[in-house]
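# Residue-level structure breakdown
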Amino acid sequence: MAQCEQGYLCEVCGTDVEDITVSDLYLRYVLGEVDPETLHVSPERHIRCNPTLAQFIVDESFAPVVIEGFFAKDNLDSEFVFDEETRITAGFRRLKEVFLIEGMPITEYPLPGVMERWKSETADADEVFDRFNHS
């Protein structure tokens, strides 16, 4: 997470995002929500500085985040909440896992299936582009 001698600063609180285990950007990357082509230019923040996402992490190493209002998980469909807790907690655990593996290529960080989905979406977009340009 080092950018020369200074780490990446959180766009919300302004403090250093120490490593990927507390990074909202890298959590969203391993979940497949941040395209690898835009990772290096996307803003950074702490996971806790994105409470709407953080509330879905259910892990003993992560103190629960509770929010109020329309997007609080208590106000959402229970099936959706279960699915998001499962998905986002898996992403959080993946971050902790890859942090410990020295030299792992960044393309291997995402959860299983994410890179394949990106490749499929890119191939589909290329096909549409080719059809459009050949009409």
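Our subject is the structure that appears above.
Residues numbered from 1 in each chain as written. Predicted model: local features only at pLDDT ≥ 70, side-chain atom pairs only at ≥ 80, totals over all residues. Heavy atoms only, no water.

Our focus in this paragraph is the nonpolar core. Core analysis: the largest hydrophobic core is formed by 27 residues, its most contacted members being L27, I47 and Y109. Elements with a contribution of two residues or more to this core: α1 (24-30), α2 (51-54) and α3 (78-99). The contacts of L27, once residues within four sequence positions are left out, are I47, L53, I57, I88, G91, F92 and L95. (Core = buried A, V, L, I, M, F, W, Y, C linked by side-chain atoms within 4.5 Å. Buried < 20%, exposed > 50% of the residue type's maximum accessible area, 1.4 Å probe, protein only. Helix = DSSP H or I, 4+ residues; strand = E, 2+ residues; numbered from the N terminus. Contact = heavy atoms within 4.5 Å.)

It is worth spelling out the pattern of salt bridges at this point. In this structure the tally under the stated criterion is nine salt bridges. R87 is the salt-bridge partner of E33, the closest N and O atoms lying 2.8 Å from each other. In this pair, E33 is assigned in the loop between α1 and α2 and R87 in helix α3, connecting sequence segments 54 residues apart. Among the residues examined, E33 registers a relative accessible area of 40% and is labelled partly exposed. For E84, the salt bridge is made with R87, and the minimal N-O distance between the two is 3.0 Å. A residue pair is termed a helical-turn pair when its members lie 3 or 4 positions apart in one helix, as E84 and R87 do in helix α3 at three residues. (Salt bridge = Lys/Arg side-chain N within 4 Å of Asp/Glu carboxyl O.)

Bringing α3 into the picture now. Between its terminal C-alpha atoms α3 stretches 31 Å, which fits the 32 Å expected from 22 residues at 1.5 Å a residue. Of all the positions in α3, only V81, E84, I88, T89, G91, F92, R94, L95 and V98 are classed as buried. Check the buried side of α3 and you find it contacts α1 and α2. Its side-chain oxygen at 3.1 Å from the backbone nitrogen of E79, D77 defines the N-terminal cap of α3. (Expected span 1.5 Å × (residues − 1). Polar contact = N/O pair within 3.5 Å; in protein donor to acceptor, adjacent residues only side chain to side chain.)

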